[in-house]
Amino acid sequence: MGNPTAVSSSKSLHHFIFILIASLVLVSFFNNGAAAADRKLLASESHEFHTIKLSSILPGSVCDSSSQGHKLPSPSSLKVVHKHGPCHKTKESSLPSASELLATDESRVKSINSRISFSAARNTFASTDSVRLPAKSGSSLGAGNYLVQVGLGTPKKDLSLIFDTGSDLTWTQCEPCARSCYDQAEPIFDPSKSSAYSNVSCGTPACNQLKSATGNSPGCNTNTCVYGIQYGDQSFSVGFFGKDTLTLTPTDVVPNFFFGCGQNNQGLFGQTAGLIGLARDPLSIVQQTSKQYGQVFSYCLPSRSSETGSLTFGQSYVSKAVKYTPFSSSQGTTFYFIDVLAMFVGGQKLQISPTVFSTAGSIIDSGTVITRLPPAAYTALRDAFRKQMTSYPMGKPVSILDTCYDFSKYNTVKIPTISIIFGGNTKIDIDGSGILYAVSSSQVCLAFAPNSDASDVLIYGNVQQKTMQVVYDVAGNKLGFGAKGCL
Ligand SMILES: *[C@@H]1O[C@H](CO)[C@@H](O)[C@H](O)[C@H]1NC(C)=O
């Protein structure tokens, strides 16, 4: 409100705000996250099935960082916690229900698909002006689910930021919050108290890069570059584009890091201070730190939201046992495309024509919860899974999940293994914690869903990435998976 400095006088900012407000259709206060699918394996496993202890399926209510949090893989690793888990300070009352989470996940998937088809269309028609595309087509994306704490400024201030491989720009809420800031756990960053902060000027290469990093042309206010970004779950951030020192760990310091200093922020970012963009654009942290870390990062997402994982920049701590699949040629500059060739359930290959996968292509995403498959692939997977689960009573479907079981009378359950063959014939066995999504003991669901259209992209989501070391070697043009990445 009060501060007249800023943001309000710029015409292009009015334009932003108009667009942002226009995009706030049917406000739905859903939050994007994956609270539930938590489970631990018993020792016994085979190629055909996992034996899962039921007490470990449901979300824990106490943060358990003892097993994993103290054993980060390297001194350069950041601790990863779930946005809605007990390791991050959230208000109980603001925790979304399973169907709200899944609805938000669905809106993220929709915006990913519209962004991809938008950039594909843009490439196709780049040489002609005869086709006008809707200006705002799908430039939005729901915020992710996992966060890390980093230091910003000089002296550094600690901030918890969601990390997202489907976003490019890094931003945080900034004082004086000229328009609005939402509630966050740590004090809001104040650039006037940082000796190394400076505004980015209009017309500079970094400012111009915002167009591809956010999908919106930058604005300009008294020669300061203004960014605006909106997400598919009706969240947004608008503010000054600045640079300052980013401290990842005591030994990993990035000077002159470009980020958005948000003066007008809204949405349910779950008490976090903003977002770290890990996608492919030159403004993403991966590209801004390419000299330091060689365009390589890896993470491990914990099996339960009450446990912690890790995010590590650089090559040096990547396990030798990691298996790689090449990134496939990208459409657009944001997402990480890969190839999926085939799937196995309970050790048996599903009969799916390879063109089912190649039609729309595939991406991996840290911010989508449930893996989305082409309809024909989903049907084959679901039928095979159900066939091997006939001894269990079915439960009520929830939202996009149609294959749920009532496990309330069981202590352990046996579920078929699921494996994926990626490009280069790299076979990855999904961890037992990455197959089911538990709403309650009487509603434990197969954590896959069909796309609504055969031309929508396959999205390899974060439930299916749990406990693996997932390595994005952008310089080497390959994606890696290693077992037991959370140690
Ligand atoms: C950045 O630019 C804005 C708008 O011109 C101004 O209000 C703010 O004081 C500037 N910050 C610094 C540190 O120069």
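Because the structure is a prediction, the values reported are computed rather than measured.

Draft legend 1. Local environment of the overall build of the protein. A count of helical and extended segments in the protein gives eight helices and 30 strands. Taking all 487 residues of the protein together, 58% fall into the buried category. Sequence-distant contacts, at least 24 apart, represent 73% of the contacts inside the protein between residues at least 6 apart. As displayed, the protein has an accessible area near 18800 Å², and 55% of this comes from carbon and sulfur atoms.

Draft legend 2. Layout of the sheet that holds strand 23 (residues 418-422). With antiparallel pairing, the four strands of this open sheet are ordered in space as 18-17-23-24. The open sheet terminates on both sides in strands that have one partner only, identified here as strand 18 (348-349) and strand 24 (426-429). Sheet contacts for helix 8 (residues 375-387): strand 17 (340-345) and strand 23; angle to strand 17, the most-contacted strand, approximately 15°.

Draft legend 3. Molecular detail of the state of the cysteines. One pass over the full model with this rule turns up seven disulfides. One disulfide in the model links Cys-177 with Cys-181; its S-S distance is 2.0 Å. Measuring handedness by torsion sign, the sulfur bridge of Cys-177 and Cys-181 sits at about -90° and is left-handed. Overall, Cys-177 belongs to the buried group, its relative accessible area being 13%. Bridging Cys-202 to Cys-220, the disulfide has an S-S length of 1.9 Å. Taking the torsion about the sulfur-sulfur bond, which here is approximately 95°, the covalent link between Cys-202 and Cys-220 counts as right-handed. Highlighted residues: Cys-202 in the loop between strand 7 (198-199) and helix 3 (205-208) and Cys-220 in strand 8 (residues 219-221), separated in sequence by 18 residues. Residue class for Cys-220 comes out partly exposed when judged on its relative accessible area of 37%.

Draft legend 4. Looking closely at the sheet that holds strand 21 (residues 404-405). Spatial ordering of the open sheet is given by 21-26-25, a layout of three strands whose pairing is antiparallel. The sheet is open, and its two edges are formed by strand 21 and strand 25 (436-440), each paired on a single side. Here strand 21 runs beside strand 26 (residues 443-446); their pairing, made up of two bridges, is antiparallel. Its bridge partner lying in strand 26, Cys-404 is registered against Cys-445.

Definitions and cut-offs
Residues numbered from 1 in each chain as written. Predicted model: local features only at pLDDT ≥ 70, side-chain atom pairs only at ≥ 80, totals over all residues. Heavy atoms only, no water. Helix = DSSP H or I, 4+ residues; strand = E, 2+ residues; numbered from the N terminus. Buried < 20%, exposed > 50% of the residue type's maximum accessible area, 1.4 Å probe, protein only. Contact = heavy atoms within 4.5 Å. Areas by Shrake-Rupley, 256 points an atom, 1.4 Å probe, with all protein chains shown as cover. Pairing = 2+ DSSP bridges. Axes fitted to C-alpha atoms, helices over the stretch in contact; angles between N-to-C directions. Disulfide = S-S within 2.5 Å.

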